[in-house]
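For reference, the chains in residue letters:
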Amino acid sequence: MTRRGLWTRKYSDICDAENTMDGTSLNQGPEQPLNHLDHEIAQLTKLRSEPHELLSRVVPGRSRLPVSTVKMLVGREGNYSGRGKFSLGDNCHFSSRYLPTNGPRRVDKMKSRVYVSQFSSDGSLLVAACQDELIRIYDVDNGWKVQKNILTKSLRWTVTDTSLSPDQRFLVYSSLSPVVHIVNIGSAGKESIANVTEIHDGLDFAVNDDDDSDLGFFSVKFSMDGQELVAASKDNSIYVYDLEANKLSLRIPAHTSDVNTVCFADETGHLIYSGSDDNLCKVWDRRCFFTKGQPAGILVGHSEGITFIDTRGDGRYFISNGKDQAIKLWDIRKMSSNAKCIPRRRDDWDYRRMEYPAQARYSKHPFDQSLATYRGHSVLCTLIRCYFSPAYSTGQKYIYTGSTDGSVYLYDLVTGALVVTLDYHEAPVRDCSWHPFYPMIITSSWDSKIAQWEYRGEGQEPRHLKRRRRRRVLI
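All of these numbers come straight from a predicted model, not from anything done at the bench.

Calculation notes
Residues numbered from 1 in each chain as written. Predicted model: local features only at pLDDT ≥ 70, side-chain atom pairs only at ≥ 80, totals over all residues. Heavy atoms only, no water. Helix = DSSP H or I, 4+ residues; strand = E, 2+ residues; numbered from the N terminus. Buried < 20%, exposed > 50% of the residue type's maximum accessible area, 1.4 Å probe, protein only. Contact = heavy atoms within 4.5 Å. Pairing = 2+ DSSP bridges. Axes fitted to C-alpha atoms, helices over the stretch in contact; angles between N-to-C directions. Polar contact = N/O pair within 3.5 Å; in protein donor to acceptor, adjacent residues only side chain to side chain. Core = buried A, V, L, I, M, F, W, Y, C linked by side-chain atoms within 4.5 Å.

**Looking at the overall build of the protein chain**
Counting its secondary structure elements, the protein chain contains 6 helices and 30 strands. Expressed as a percentage of the 475 residues in the protein chain, the buried residues total 58%. Across the protein chain, every contact between residues at least 6 apart in sequence was considered, and the portion connecting residues at least 24 apart equals 58%.

Quick look at the structure:
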């Protein structure tokens, strides 16, 4: 029996999974893309991740990508582009070809399911959070040495999310409880036991003295200036907490069901994106919220609840993962003021315990406002996360996501092609993180393992990845 079969039998009361093979799967087939995203973001991605046109034509008549490193070096030395140096797009064209597909190497084996694994903004730290109340911080540049063990406080069910402050001095963690805790991770001690060896300050999000039995948080994020937190709650609301004033500054009754994910859109902190089990993504502009009391806009397209949102960081584009087994790419300029919803196909369907109906997997929402849809992975059992690839090393030309089948899926943002799958884990991969500068991906799973994937080089040219015609993932 395969490892996937063993996992399915062991956790059959939670959800079913499909069989798969171990290792890295590179798609085979014709080199021509499956389709093209005809939108401004395609051109922006091209500018960020493709070489200058003159550098790509070092040999007459040969402008086909990918362009070899040698040819681009010849073009640079001959100053073909007129700049005398490589641009960010040229650099990303190099580095984005060196995909982190070698491995995996096991970083750690925990004692319970791993729910969160995220690099710090500079890539020096990795934060991993488990269901057994433990958060572990690793020193990436020092051989993955454990820098801090944090034993959490007032945990309900699991650590649902963590977030590092921009200066990497503080960590916040959330659970299905009304209090979000903040820890100073810059202290000297390795062991951080809540209110025993160190203080874990509780940030109370309860409004007045209302019943907080329905208050618990699925997502929490620092603002990019580190002054505020935004949190998504199972009481259908979004909360903003002012850390300097040490008080709740805003509560928005945002959706008609659990809010599973929330984030600031960009560095200004004015815009907030949210996603909910009511199938809607919403955009909130705090500059006009107090006068209107309504979202700046609504984006419709998912036919089931949203599990995660990741912003491109430009205040315009973001992606969302959904229980309809799809990632969607959004441009907030297409948002509307009214939601055009469709009834759920099956009221008795529960993503935590059931397979997604086969007949619904590739159906399209009649009022879909998204720019593109990416399919192939599985979103069952837990709130699986998706992300843009790093801007510095890839120009954000890829989208990657965990999956219930124990793999990580990597899609080309523009063509929608499934580029590669990383197959290793024996249970759902809820979270994964691409190093902001190096060709390295960390995956974490309900099988309690944290694994590292990287491009090791060994003096070889990167493999030119080919796409399979049979998997058409861009809609």
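**Thoughts on the pairing of strand E25 (residues 398-401)**
Of the two faces of E25, the one lined by Tyr 398 and Tyr 400 and the one lined by Ile 399 and Thr 401 are each fully buried. Of the pairings in the sheet, the one linking strand E24 (residues 386-388) to E25 comprises 3 bridges and is antiparallel in character. Across the sheet, Cys 386 pairs through a bridge with Thr 401, a residue of E25. Pairing between E25 and strand E26 (residues 407-412): 4 bridges, direction antiparallel. Bridge pairing in E26 places Ile 399 opposite Tyr 411.

**Structural notes on unusual backbone geometry**
Backbone torsion omega between Gly 103 and Pro 104 reads 5°, so that peptide bond is classified as cis. By secondary structure assignment, the location of Pro 104 is in strand E2 (residues 102-109). In the Ramachandran plot, Asn 236 falls in the positive-phi region, its phi being about 75° despite a non-glycine side chain. Counting through the fold element by element, Asn 236 comes out in the loop between strand E13 (228-233) and strand E14 (237-242). Of note, Gln 325 is a non-glycine position whose phi angle comes to about 70°, a positive value.

**Quick word on the sheet that holds strand E4 (residues 125-130)**
As summarised here, the arrangement of the 5 strands in space is E3-E4-E5-E6-E10, forming an open sheet in which the pairing is mixed. Two strands close off the open sheet at either side, each with one partner strand: strand E3 (114-119) and strand E10 (191-193). When strand polarity is set aside, the average angle formed by the axes of neighbouring strands in this sheet is 15°. In this structure, strand E6 (residues 145-151) lies alongside E10, joined through 3 bridges in parallel fashion. Each bridged residue has a counterpart across the sheet, and for Asn 149 the counterpart in E10 is Glu 191.

**So, the side chain of Thr 401**
Its place among the elements puts Thr 401 in strand E25. The exposure class assigned to Thr 401 is buried, which follows from its relative accessible area of 0%. Polar contacts involving the side chain of Thr 401 include one to the side chain of Asn 321, which spans 3.0 Å. Those residues within four positions of Thr 401 in sequence are excluded, and the remaining contacts are Asn 321, Ile 327, His 377, Ile 384, Arg 385, Cys 386, Ser 407, Val 408, Tyr 409, Tyr 411 and Cys 432.

**Looking at the nonpolar core**
Val 127, Ile 135, Ile 137, Ile 150, Val 159, Leu 171 and Ile 185 are the most contacted members of the largest nonpolar core, which totals 26 residues. Counting only elements with at least two residues in this core, the list comes to E3, E4, strand E5 (134-139) and strand E8 (170-174). With 3 residues, E4 is the single largest residue contributor to this core. If sequence neighbours within four positions are ignored, Leu 171 has contacts with Val 127, Ile 135, Ile 150, Thr 162, Ser 163, Leu 164, His 181, Ile 182, Val 183 and Ile 185. If you look at the next biggest cluster of nonpolar residues, it comprises 18 residues, including Leu 37, Leu 329, Ala 372 and Tyr 409.

**A short note on the sheet that holds strand E18 (residues 281-285)**
Strand order in the open sheet made by the 4 strands is E16-E17-E18-E19, with antiparallel pairing throughout. The sheet is open, and its two edges are formed by strand E16 (259-264) and strand E19 (297-299), each paired on a single side. Across this sheet, the average inter-strand angle for adjacent strands is 20°, counted without regard to direction. Bridge count for E16 against strand E17 (residues 271-276) is 5 bridges, and the pairing is antiparallel. Bridge pairing in E17 places Val 259 opposite Ser 276.

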